[in-house]
Amino acid sequence: MITVKFENKVKMPRLGLGVWQCGEKTEDAVKYALQAGYRLIDTAAEYGNEKAVGKAIRESGISREKIFITTKLWNSDIRKGRAKEAFFDSFKRLQTDYIDMYLIHWPAEGFQKAWQDMTEIYHEGWVRAIGVSNFQIHHAKELENASDVIPFVNQIESHPYFNNQELIDYCLEHKIEVTAYSPLGSNENGLLEDPILMRIARKYGKTVAQVILRWNLQRGITSIPKSVNKKRIEENINIFDFELSSGDMNKIFALNKNERVSADPDNFNF
């Protein structure tokens, strides 16, 4: 598994399993992923499955230090100013000795104070790295003077129909690593049936999903595709034995439509 090393020397895998909306299938999905070689599991308080994630990791037989756990601070807790309390709630549900990455889930009102509280948790050693999710450039700029720590990661929507490259370029220029959620789009936008992607996939003897995840890897970002299907989970990690040509990379970039499948971070109501 390829990893990225943060400035504090902590390493994060470049591919993980997202468990949004996995529900009662979460535990099995995490076990499938760990068996297949995944070492990054991405959950959140709002997903309601931190307990299942923690249980699957404990029962996997894989030592804790080899697994990277990300979870997130939800909007209601940001607005109530209870970032620290929410962190330790997640900590208890996961039943782990530490959390690898803690993210502000959305730039809800009060995120600046939440970031200061998270910085304290980080300095106290409860979490190995902290970051944000769904932050636009102007949100990220607001954190520059909020504490002595810049986000290690910004987790954002990015896929070939919404590549979000301007934001990715800004983050990478400012030493903020990027994780792409919904990297395979959604069932509604038909990304996995795109004819150009299908032709590229046939060329390499890969699935469209594998081609997209490889595209992300080659543009220097992490992906956390969500699946509860054992076969797809196993397929999605099989992206380290081929390389897309620059021409095919550009063809995928050219598919951009600026069409989101998730909410707009500048206009959300939850």
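Residues numbered from 1 in each chain as written. Predicted model: local features only at pLDDT ≥ 70, side-chain atom pairs only at ≥ 80, totals over all residues. Heavy atoms only, no water.

The protein chain carries the name 2,5-diketo-D-gluconate reductase A in an unreviewed UniProt entry, which gives Dialister micraerophilus DSM 19965 as its organism. In its Sequence similarities (unreviewed entry) section, UniProt records this for the protein chain: "Belongs to the aldo/keto reductase family." (UniProt positions renumbered as here; feature names shortened; annotations may be inferred.)

A. Layout of the overall build of the protein chain. Scanning the protein chain from terminus to terminus reveals eleven helices and ten strands. Overall size of the protein chain, expressed as C-alpha extent along the three principal axes, is 50 × 40 × 35 Å. When each of the 270 residues of the protein chain is scored for burial, the buried share is 54%. Restricting the contact set of the protein chain to residue pairs at least 6 apart, pairs at least 24 apart contribute 74%. Of the roughly 12,200 Å² of accessible surface on the protein chain, a fraction of 46% belongs to carbon and sulfur atoms. (Helix = DSSP H or I, 4+ residues; strand = E, 2+ residues; numbered from the N terminus. Buried < 20%, exposed > 50% of the residue type's maximum accessible area, 1.4 Å probe, protein only. Contact = heavy atoms within 4.5 Å. Areas by Shrake-Rupley, 256 points an atom, 1.4 Å probe, with all protein chains shown as cover.)

B. Main features of the UniProt feature "active site" (unreviewed entry) in the protein chain. UniProt's entry tags Tyr-47 with the feature "active site" (unreviewed entry), counted in the numbering of this structure. Here Tyr-47 is to be found in the loop between strand 4 (40–42) and helix 2 (50–58). Among all residues touching Tyr-47, those that are not within four sequence positions of it are Val-19, Trp-20, Asp-42, Lys-72 and His-105.

C. Structural context of the packing of aromatic side chains. Under the counting rule described, the total for this entry stands at 15 aromatic pairs. Residues Trp-74 and Phe-270 carry aromatic rings whose centres are separated by 6.0 Å and whose planes lie at 5° to one another, so their mutual orientation is stacked. A residue pair is termed long-range when its members are at least 10 positions apart, and Trp-74 in the loop between strand 5 (68–73) and helix 3 (75–79) and Phe-270 in the segment after helix 11 (246–253) qualify at 196 residues. Among the residues examined, Phe-270 registers a relative accessible area of 33% and is labelled partly exposed. An angle of 45° between the planes, with centres 5.2 Å apart, marks the rings of Phe-268 and Phe-270 as tilted. Exposure remark for Phe-268: the relative accessible area of 18% places this residue in the buried category. (Phe/Tyr/Trp six-rings, centres within 6.5 Å; stacked < 30°, edge-to-face > 60°.)

D. Here's a closer look at the UniProt feature "domain: NADP-dependent oxidoreductase" (unreviewed entry) in the protein chain. Per the UniProt record, "domain: NADP-dependent oxidoreductase" (unreviewed entry) is found at residues 14–256. In residues 14–256, the share of helix is 42% and the share of strand is 15%. The end C-alpha atoms are 22 Å apart.

E. Here's a closer look at a nonpolar patch on the surface. A surface patch of nonpolar side chains, amounting to about 250 Å² of accessible area, comprises Met-1, Ile-2 and Phe-240. For Met-1, the location among the structural elements is in the segment before strand 1 (3–5). (Patch = residues over 30% accessible without salt bridge, like charges linked within 9 Å, V, L, I, M, F, W, Y side chains within 5 Å. Salt bridge = Lys/Arg side-chain N within 4 Å of Asp/Glu carboxyl O.)

F. Highlighting the nonpolar core. Ranked by internal contacts, the top residues of the largest apolar core, which has 79 residues, are Phe-6, Leu-17, Val-30, Leu-73, Ile-104, Trp-115 and Ile-130. Top element by residues in this core is helix 9 (residues 208–218). It accounts for seven residues. When neighbours within four sequence positions are excluded, Leu-73 is seen to be in contact with Ile-78, Ala-83, Ala-86, Tyr-102, Leu-103, Ile-104, His-105, Ala-114 and Met-118. Listed in part, the ten residues of the second largest apolar core include Ala-140, Ile-168, Ile-176 and Val-178. (Core = buried A, V, L, I, M, F, W, Y, C linked by side-chain atoms within 4.5 Å.)

G. Inspection of the pairing of strand 8 (residues 153–157) at higher detail. Counting buried residues in strand 8 gives five out of five residues, a clear majority hidden from the surface. Where strand 7 (residues 127–133) lies against strand 8, two bridges are found, and the strand directions are parallel. Each residue of the ladder has a partner; that of Ser-133, found in strand 8, is Gln-155. On the question of chirality, the crossover connecting strand 8 to the parallel strand 9 (residues 177–181) by way of helix 7 (residues 165–173) is right-handed. (Pairing = 2+ DSSP bridges. Right-handed = clockwise from strand over helix to strand, strands pointing away.)

H. Up close: helix 4 (residues 83–94). Taking 1.5 Å per residue, twelve residues should reach 16 Å; helix 4 reaches 16 Å between its end C-alpha atoms and fits that length. Taken as a whole, helix 4 has its buried residues at Ala-83, Ala-86, Phe-87, Ser-90, Phe-91 and Leu-94. Seen end-on, helix 4 carries its buried residues on one side only, within an arc spanning 145°. Of the surrounding elements, those touching the buried residues of helix 4 are helix 2, strand 5, helix 3, strand 6 (99–104), helix 5 (111–123) and strand 7. Looking one or two residues past helix 4, Gln-95 carries a phi angle of roughly 50°, positive in sign. (Expected span 1.5 Å × (residues − 1). Arc of directions from axis to C-beta.)

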